[in-house]
Structures are given as C-alpha cells and as structure tokens.
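Architecture and fold: a report
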Amino acid sequence: MRVLKFGGTSVGKPERMQHIAQLINDGVEKIVVLSAVSGTTNSLVEIHTAYKKEGKKAAHQLIDKLEAKYHPFIKDLYSENASIKKATALIKEKFDLLRSFKSKKFREADAKTILAQGELISTHLFLYYVQEIGLNATLIPALDFMKTTDGEPDLKFIAKKLRKTLVKSGKHQLYITQGYICMNEDEEIDNLRRGGSDYTATLIGGALPATEIQIWTDIDGMHNTDPRVVKDTFPIHELSFDEAAELAYFGAKILHPSCVLPAQKSGVPVKLLNTMEPTAKGTVISEIVTSTPQRVKAIAAKDGITAIKIKSSRMLNAYGFLKKIFEVFEDYQTSIDMLTTSEVAVSLTIDDDTNLKAITKALRAFSRIEIDKNQTIICVAGEFKHTEAGVAAKVINTLKEIPLRMISSGGSRSNISILVDSKYKVDAMNALNEGLFADILKKKRTK
Ligand code: ADP
Ligand code: ASP
Ligand code: MG
C-alpha cells in the first residue's frame, strides 16, 4: 500500500483537484491524505481568534467571506447536479457549525473544532468528485484512528485502529482521509500543529507500514536552501532520514518538523513530489547512503528563536550546574534546541517562549541571565565525518561578515547549527548558498 499526501495548493482550486484525481488513477490501491484548500486554515485561525477577541459579529463576517469562496469552487468542480447538491449540503452543514459558537466562554477545544473543518471539507469535496468520475473510493475518517496523548501521536493506538478502520471500510482502490486532525486523550478534536498533514501521512505510512510515502506539494522536492529567502536554489534528489529530519526540524517548511521519524522508524522511503510538474524527479528520503557523496547537502532556517545565556560564578570545576538548568526547562515543558557551553556559562535556545518569565525567574535563583530575542537558527545539514577536515571552517569562513551568536557542531554527524540575529538571516542564507554550493551554482548558471 502507498500513502500519498496532497498539500493545500495541490487541492487549492477545482482544476487542481481534478488534476490530482487523474494523477492517482492508476488502478493501484492507495491511501490519500489531504490538506485543507489553501488559505482555509489561515482563515479558520482568524475566525477562532475573532470569536475570542472581537466577538461573534466579527467572526461571522469572516465565516461569510470564507463560505463565499466555496460556492464557485463547487460549481466548477462537478459536472453532475447530484454532486453539486451533496457538496452544497456539506458546505451548509460545516458553515452552520462554524456559526454556532459563542464568544463568551469560548474554549480552546472550540478553536480546535473550528480548525478541523478545513480538512473535513476538502476530503468530502474530493470524495464526491472521484466518485462522480467513477473511481472506487471511500473515506476513512482520521478522527476514528489518529490520536494524540500528551500532545504526541499514540503510535500503538493509531496502528491498531487504522487497521481496523481499513478492514471495516471494505475493499477499495482509494481510501481518502484528512491530514492534520486528530482526537486527544480527552476525546476532543485536536490537531498535529500547522503543516501537520505531512505528519499524518508519515504516521499512517509508518503504522501500516506502507511501501512508500509520497508528499505532493508545489515545488519539485527539497531544495538546497529556502526558495522564499534565496533566489538561486536547486532540488536535492537524495537525502538520508537524519538529514531530512534536521532540515524539517530547523525550518524547511516543505516538511512538518516531526514528520520524518515515523517513516524512519519503519524504514519507509518518503518521496517529495511536485503536483504541478509530476514528472520532475523530486527528492527521495531514505536510509540509503547517497550515491553521490556530498558533504554539505542543504541549509534551513528557523526564526522566532530566543537565546538565553546562563552564567554561574561557581561553575569552574563545579558539577550539577547543567542538571539544575535542564530541570528548570523540564519543569516548564520547554524543549531546548541549541546548546553551547564554556567553563563559566551556558547559552541555549528555545523556540517556545510561553513560559519564559517563569523559566527566567527559576534560573535567576542560581545564576545570572541574559536574553536575546528575535534570533534565527541556521542549520547546515549534510554528512559530516568527525575525521574529515574543512567543513566547519568553510561554513564559518563563508559567514565571516556576519556576527555569530552561537555555533554548534559535533552534536550529530548531519548538522552544524549557527545562531544569528534575525536581521542577518537573509544575508547569511545567501552567503552560505554562494559559498557552500559554488560549484553546483556555477554549473547551473553556465548551462
Ligand atoms: P503544502 O501546502 O503542500 O504542504 P508547504 O507550503 O507547506 O506546502 O511547503 C512547500 C513550500 O515550502 C514551498 O513552496 C517552499 O516555499 C517552502 N520551502 C521552504 N524551504 C524549502 C526547501 N528547502 N525546499 C523546498 N521548499 C521549501
Ligand atoms: N491545513 C493545515 C495547515 O494549513 C495542515 C496542512 O496543510 O498540512 O497548517
Ligand atoms: Mg505543508
């Protein structure tokens, strides 16, 4: 069985939905994971924020605006009146639900229910379309099998319930399901965080396990650096699971930060493919050591980072200092991304500063603190052997004009991380692109 995930832009227009229906119509059994129509989840975020902050009237205005986009969508998608009727009834049901919330006593669970409607709508619209053109398809509701406990996917539950759901649904060519949404341990609707449809696909692919997971998006695979920041980028055809995981975690938006692990655990290869250009090679992520060894593979960047410097006058020859620091972060369930140490101080970074005040207070009890906000982690991913010279030197030399707040190397064989003030991000990313990929770019430019 294959698992294919299509992102927001891939289902973002009626003709795109029609196009992917052709793409998957090859007679082979598959699970199709869909995101919400592009822009919908952003609108749903605005809607629940309006309910919370501005009140019902403002929320309803936004709901009307979003609903108005779906009517022409339906009209263009289907040829048969029966499909249009079914889809119109679905839209009415979903938008009536969106209008049913109250501003007073608006709960976090209500926000999650609102956010889930995007994927519930797109999967039903797609199901009605593929049924209209005669494909043998069914819907397997993600809320029946996708579950989190303490915010993390419950892998055992997912594997067991997914198998049961598939058996119950009978034999079909296409099993369509929602990305992103899940139930939590309180039996309430929840989600796998923004961009979570990738994660749904790899959780399903890992649980089965599938023969292959395909992530179809709007670009021809993982590029050597972020095309939104750097102009001259190129696709990378092969990545190891470790390299892809580092890049996803450190900001390569093409993949959800946690989505590599379930595929890696089960050894299921992940292909990144372009819906707009289906014959492009894309990227294969697997355990295989690449056929064309290349030490630096790609660069990603993660914004919104806070750096904390923790100084202790008594650290010289003292032990237990790091333990005390880590305990504070554990108490406030805040994960640390980067860490560098000297004999008298530790610098570390966090991306979630919800509990920063409390963390700072707890750290101040035994140290002096300095905080730098608006930082960016730049992650250089590749195959870095400790026995080989030159890679770190090249990275740092390339950035010689840019002030570097932290440098971390040696934590793993696939990552060198640099922390810079976010105002230097664009310059740093462009300098690294020109410096680390000079040969490839030269070839590309003379073609
Ligand atoms: P989808 O809606 O299909 O999930 P996303 O917008 O989440 O698509 O991810 C695809 C986008 O990720 C690309 O259009 C591109 O702008 C961005 N991106 C960021 N870094 C990279 C990278 N290294 N390689 C490819 N795309 C990247
Ligand atoms: N629709 C969700 C989002 O926009 C999930 C996804 O697209 O992966 O974040
Ligand atoms: Mg995405």
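Remember, predicted model here, so these are calculated numbers, not experimental data. (Residues numbered from 1 in each chain as written. Chains lettered and ligands numbered in written order. Predicted model: local features only at pLDDT ≥ 70, side-chain atom pairs only at ≥ 80, totals over all residues. Heavy atoms only, no water.)

**A word on the packing of aromatic side chains**
Definition in use: To pair, rings of Phe, Tyr and Trp, with the six-membered ring standing in for Trp, must have centres within 6.5 Å; the planes then decide the type, stacked if under 30 degrees apart, edge-to-face if over 60, and tilted in the middle. Each helix corresponds to a stretch of at least 4 residues labelled H or I by DSSP, and each strand to a stretch of at least 2 residues labelled E; elements are numbered beginning at the N terminus. Think of it in three bands: residues with accessible area under 20% of the maximum for their type are buried, residues over 50% are exposed, and the middle band is partly exposed, with areas taken using a 1.4 Å probe on protein chains only. To sit over a ring, a charge needs its Lys NZ or Arg CZ within 6 Å of the ring centre and within 35 degrees of the ring normal.
Per the counting criterion, the structure on display carries 9 aromatic pairs. Between the aromatic rings of tyrosine 51 and phenylalanine 101, the centroid separation amounts to 6.0 Å while the plane-to-plane angle is 70 degrees, which identifies the pairing as edge-to-face. Highlighted residues: tyrosine 51 in helix H2 (residues 40–53) and phenylalanine 101 in the loop between helix H4 (81–99) and helix H5 (108–132), separated in sequence by 50 residues. As far as burial versus exposure is concerned, tyrosine 51 and phenylalanine 101 are alike and both buried. Note on tyrosine 70 and phenylalanine 95: the rings are 6.0 Å apart at their centroids and 55 degrees apart in plane angle, and the pair reads as tilted. Of the two residues, tyrosine 70 sits in helix H3 (residues 56–77) while phenylalanine 95 sits in helix H4, which places them 25 residues apart along the sequence. You'll find tyrosine 70 and phenylalanine 95 in the same group, each marked buried. Cluster of aromatic residues (ring-pair linked, three or more members): Tyr51, Phe101 and Phe106. Between the NZ or CZ atom of lysine 147 and the centre of the ring of phenylalanine 157, over which it lies, the distance is 4.9 Å.

**Observations concerning the pairing of strand E6 (residues 174–178)**
Under the convention used in this document: Two strands are said to pair when DSSP picks up at least two bridges between them.
In terms of burial, E6 is largely enclosed, as 5 of its 5 residues are buried. Because side chains alternate across E6, one face comprises the buried residues Leu174, Ile176 and Gln178, and the other comprises Tyr175 and Thr177, equally buried. For strand E2 (residues 30–34) and E6, the ladder comprises 5 bridges, and the chain directions are parallel. Residue pairing across strands places isoleucine 31 opposite tyrosine 175, the latter belonging to E6. Pairing of strand E3 (residues 137–139) with E6 involves 3 bridges; the strand directions are parallel. Residue pairing for E6: leucine 139 is matched across the bridge by isoleucine 176.

**So, the site of ligand 1**
Condition: Note on definitions. A residue lies near a molecule or strand when any single heavy atom of the residue is within 4 Å of it. Throughout this description, a polar contact denotes any pair of N or O atoms lying within 3.5 Å of each other; where both atoms belong to protein, one of them has to be capable of donating a hydrogen while the other can accept it, and for residues adjacent in sequence the pair is counted only when both atoms sit in side chains. Per-residue and other accessible areas were derived by the Shrake-Rupley procedure at a 1.4 Å probe size, with only the shown protein chains allowed to occlude residues. All residues other than Ala, Val, Leu, Ile, Met, Phe, Trp, Tyr, Cys, Pro, Asp, Glu, Lys and Arg, Gly among them, are scored as polar; the first ten of these are nonpolar and the last four charged.
Residues in close proximity to ligand 1 total 16 residues, the closest being Lys5, Thr217, Asp218, His223 and Lys253. Between an oxygen atom of ligand 1 and a side-chain N or O atom of aspartate 218, the distance comes to 2.8 Å. One of the backbone nitrogen or oxygen atoms of isoleucine 254 is found 3.4 Å away from an oxygen atom of ligand 1. In the complex, 86% of the free accessible area of ligand 1, which totals 570 Å², lies under the protein chains. Among the residues making up the shell around ligand 1, the classes are represented as 5 nonpolar, 6 polar and 5 charged.

**Remarks on the nonpolar core**
So the rule is basically this: The definition of a nonpolar core used throughout is a set of buried Ala, Val, Leu, Ile, Met, Phe, Trp, Tyr and Cys residues joined through side-chain atoms within 4.5 Å. Should any heavy atoms of two residues lie within 4.5 Å, those residues are counted as being in contact.
Leu125, Phe126 and Leu255 are the most contacted members of the largest nonpolar core, which totals 103 residues. Residue contributions to this core peak at 12 residues, all from H5. Sequence-distant contacts of leucine 125, defined by excluding residues within four places in its chain, comprise Met17, Tyr70, Phe73, Ile74, Leu77, Tyr78, Ala87 and Leu90. Ile299, Ala301, Ile402 and Leu436 belong to the second-largest nonpolar core, a separate cluster that totals 22 residues.

**Things to note about the environment of methionine 146**
Summarising the element assignment, methionine 146 is placed in the loop between helix H6 (142–145) and strand E4 (148–149). Along the backbone, methionine 146 and tyrosine 180 are 34 residues apart, and their C-alpha atoms lie at a distance of 9.2 Å. The residues touching methionine 146, leaving out its near neighbours within four places in the chain, are Ile158, Ile181, Cys182, Met183, Thr200, Leu203 and Ile204.

Keep in mind that these numbers describe shape and distance, not what the molecule does.
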